[in-house]
Amino acid sequence: MLDQVKGFSVTLRHLFRKPVTQEYPEYRRPVYPRFRGRHQLHRHENGLEKCVGCSLCAAACPADCIRVVPAENPVEGRVSAGERYARIYEINMARCIFCGYCELACPFDAITLGNDFELSEISRDALVYTKDMLLAKPERRTPSKSVELYDVPVQEMERVLGMYDVITATNPEGAPE
Amino acid sequence: MATTERPTKLWPTLEVLSPIPSELSPSTDNPDVLEINLGPNHPSTHGVLRLVAKLDGEIVVGLRNELGYVHTGIEKNLEQKTYWKGITYVPRMDYLSFFTGEVGYCMSVEKLLGLEVPRRAEYIRVIFQELTRLHSHLIFLGTGSVDLGGIALLFYCFRDRDHVLDLFEMVTGQRMHPRYCQVGGVAEDLPRGFEPEARKLVRYLRNKIGEYEGLIEKNPIWRERTVGVGVIPPDFAIKMALSGPNLRASGVDWDLRSANGGYGAYRELGYSPVLAENGDTFDRFWVRVQEMRSSLDLIEMCLDGLPSGPHIADDRKVVLPPRHELHTSMESLIHHFKIVTEGFRVPAGQVYVPIESARGEFGFYMVSDGGPKPWRVRLRPPSFVALESIAAVANGHYLADLIAILASLDPVMGDCDR
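Thresholds applied
- Residues numbered from 1 in each chain as written.
- Chains lettered and ligands numbered in written order.
- Predicted model: local features only at pLDDT ≥ 70, side-chain atom pairs only at ≥ 80, totals over all residues.
- Heavy atoms only, no water.
- Core = buried A, V, L, I, M, F, W, Y, C linked by side-chain atoms within 4.5 Å.
- Buried < 20%, exposed > 50% of the residue type's maximum accessible area, 1.4 Å probe, protein only.
- Contact = heavy atoms within 4.5 Å.
- Pairing = 2+ DSSP bridges.
- Helix = DSSP H or I, 4+ residues; strand = E, 2+ residues; numbered from the N terminus.
- Axes fitted to C-alpha atoms, helices over the stretch in contact; angles between N-to-C directions.
- Patch = residues over 30% accessible without salt bridge, like charges linked within 9 Å, V, L, I, M, F, W, Y side chains within 5 Å.
- Areas by Shrake-Rupley, 256 points an atom, 1.4 Å probe, with all protein chains shown as cover.
- Salt bridge = Lys/Arg side-chain N within 4 Å of Asp/Glu carboxyl O.
- Phe/Tyr/Trp six-rings, centres within 6.5 Å; stacked < 30°, edge-to-face > 60°.

**Comments concerning the nonpolar core**
In globular proteins that are soluble, nonpolar side chains generally tend to be buried together.
All names here are of chain B.
Then comes step 1: Counting 95 residues, the largest nonpolar core has Y105, F128, L131, F194, Y212 and F344 as the members making the most contacts within it.
Then comes step 2: Apart from the residues lying within four places of it in its own chain, the contact partners of L131 are V164, L167, F168, L201 and I299.
Then comes step 3: Ranked by size, the runner-up nonpolar core spans 32 residues in total, among them L51, A53, V229 and V252.

Listed below in C-alpha cells is the structure:
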C-alpha cells in the first residue's frame, strides 16, 4: 500500500499545478517568424507579379509538387516584370513537405513560405492551390513572434564577412511585417 | 576499460539463435503452444511491427519479426535525387531522431567532397543533435511507460517535448524534419533569441528529469516490472551488433561521440558515455534518462563555447550563394542556377560515415560515380539491428515482459524499414 502511494507521489503533485493546455481555436499561438507554412506569391509595388516563370522552384522541389507553365508577356497589359510570366502556377499541398527549397531557389523572392498552417480540406482536389489562391492574401493571418528577436541572425555578418544584410529567405522585405 | 574494474557479475548465457538469429523456434513438444499475432496494428509496437509469438501458457517460446510495413524505398529515392534534395528525405526515416539523419547524410557528402565545415556550424549541429536526442528519448520514455501501464509519464514527456520542438521551429522554421543541416554547414545562423531560450529549456528540463527519475527509478511498481527483465549480457550485445543506449545499458563503453575521438564538435567538447551495469529493461530506461542529462550538459557547453564565424562553408560550387548576391552578382546567379537545377558534382568514391543517433550507430554508406546524384546509398539503421536480438532476449519471458523488452529496445519502424 505504501509502495503504491510512493509510486504516485509525482503524479499527485501534478494535480495541484496549472494545466499547460492551450485552447487552440480560441487561442492561436503565434508562430516563429522563420516558420514555413502556406506558400505565398508576391507582387511588385506597381502590381506586376514577381514570378517570371523560370521554373527554378519546380526544379528545386524534392517532392515534385510545383507545376509551372510559362508564357510570353503580352505587349498590352503585362503580367510580370520579366520577359515571361507564369501562365499556370500550381502547388499541390498534399504532396508538399514544406522544406522551403522553393523559396531558397527563387532568385526573385517571388515565392515565400508564410505563417499559415491550417490547410486541411475535405477533398484532395481542393489542396491543389492555383496562382490566384497563392497571390491572394490569406483569409486569416496567423500571428508571428518578434522578427527582431527570432529571425535576425545573432552575429553581425558585417563584422564577420564584410557583408551585412537583413534580407533572409523568410523575410524578403528586410523589415518586420 | 571500465567494464573490467567492476566486480565480476554473473550474466545469463544467451546464445545467438540459429539458423536465423532473429527467429526463435519453440523447443518444447507441448501441443498446446499457441501462435498469436502482435501487430502490425498493435499500440505497443511503436509503429507497424508484426511479432508472431508462440506462447506456452503465458511464456514466450517462439518469436518471429515481420518487418517492412512502412518500407518507403528511401535508399532508392536518394539515388534519384541530387545530393541537395536528398537532405529532405533522410530525416523522414528515423522520424524521432530526425536531425541526426540530416547530419549523417551531410557528413558523408562532405567526406566525399573533402569539404571543411566551419567550427560554428559544427557546434550548431551538436546543439541540434543533442536537442533531437532529447526529443527522441522523451518520446521513448513516454511511450515506453504507456507500454508498462503508466500514462502519466506520456503526458509529461509530450509536454516537455513540445518545448524542444519550439527551439527547432524558432531556428529552422519547422518543428520536425527541418532540413536545417546543409552540405557545408547549416542553412541559417542562430537568431538572437535562441541562446536565452535554449538556456531556459536546459534549466527547465534539468528540473523535470528529476521528476521522471522519481517516476521510474524510485517507483516500486516500475522496478517490479523492469528489474531483471530481458537481461542482455555484454558479449551477446556485441555479437548481435547492438549499439547506442542498448549497448551501454549492458556496460559496454562504446559511444561514437567519444569512441575514436568522436566526430564534429564532439572532438573538442569531450564526452564520456553513460554506462549502466545490468543490461536489463530497467537499465535501458535508466541509461536514456541519464543521457538526457548529459545532452543538456553538452548543449550548455556548446552555448558557452559557441565560436563566431560563418555558419556555412564558402565553397561556391557546393553551397548556395548568399541571398543578396543574387541581385548584384551574375556569377553568383549562375552558381545558384547550377546548384538548384543540376546539383553539384561529387568526386567518385565511397565512404562510410557512422554517427551516434538517439538509437545507436546510424551509418551512411555512400557510393558516388562522379555525378550529381549518389550512385548508391546504403543505411545502417540502429532500430533494425536492435530488433534482431529481441527473439533471443524475450525467450522464456512472459508476454507482458515481451512488450516491456520491445519498448526498452526503442525501435522506430520508419528507421527500421526505410
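**Some remarks on the sheet that holds strand β1 (residues 34–38) of chain B**
All names here are of chain B.
Then comes step 1: Taken in spatial order, the three strands make up an open sheet running β1-β2-β3, and their pairing is antiparallel. With one partner strand each, in any of the chains shown, β1 and β3 (59–66) form the two edges of the open sheet. On average, each strand axis in the sheet is inclined to that of its neighbour by 25°, with strand direction left out of account.
Then comes step 2: Taken together, the seven bridges between strand β2 (residues 50–56) and β3 define a ladder with antiparallel strand orientation. Directly across from K54, in β3, lies its bridge partner G62.

**Some details on a nonpolar patch on the surface**
Then comes step 1: Taken together, the side chains of F8, L12, L15 and F16 of chain A together with I221 of chain B present a nonpolar region at the surface, about 570 Å² in accessible area.
Then comes step 2: Of the residues examined, L15 of chain A reaches a relative accessible area of 62% and is grouped as exposed.

**A short note on the sheet that holds strand β5 (residues 128–129) of chain A**
Residue and element names in this part refer to chain A.
Then comes step 1: Read from one edge to the other, the open sheet built from three strands follows the order β2-β3-β5, with strand pairing classed as antiparallel. With one partner strand each, in any of the chains shown, β2 (66–72) and β5 form the two edges of the open sheet.
Then comes step 2: With seven bridges connecting them, β2 and strand β3 (residues 84–92) associate as antiparallel partners. Paired with V68 across the two strands is Y89, which belongs to β3.

**Observations concerning the packing of aromatic side chains**
Then comes step 1: Overall, the coordinates contain 15 aromatic pairs over all chains when judged by the stated rule.
Then comes step 2: Ring geometry for Y101 of chain A against W84 of chain B: centres 3.8 Å apart, planes inclined by 5°, an arrangement best described as stacked. Here Y101 of chain A is found in helix α4 (residues 101–105), whereas its partner W84 of chain B is found in helix α3 (residues 83–86) on a different chain.
Then comes step 3: With a relative accessible area of 0%, Y101 of chain A lands in the buried category.
Then comes step 4: On the basis of relative accessible area, W84 of chain B is assigned to the buried category, the value being 5%.
Then comes step 5: Ring centres 5.0 Å apart and planes at 70° place the aromatic pair F98 of chain B and F168 of chain B in the edge-to-face group. One end of the pair, F98 of chain B, is in helix α4 (residues 98–113); the other, F168 of chain B, is in helix α6 (residues 152–172), and 70 residues separate them in sequence.
Then comes step 6: The class for F98 of chain B is buried, based on a relative accessible area of 0%.
Then comes step 7: For F168 of chain B, a relative accessible area of 0% translates into the label buried.
Then comes step 8: Grouped by ring-pair contacts, the aromatic residues F98, F99, F128, F168, Y180 and F194 of chain B constitute a single cluster.

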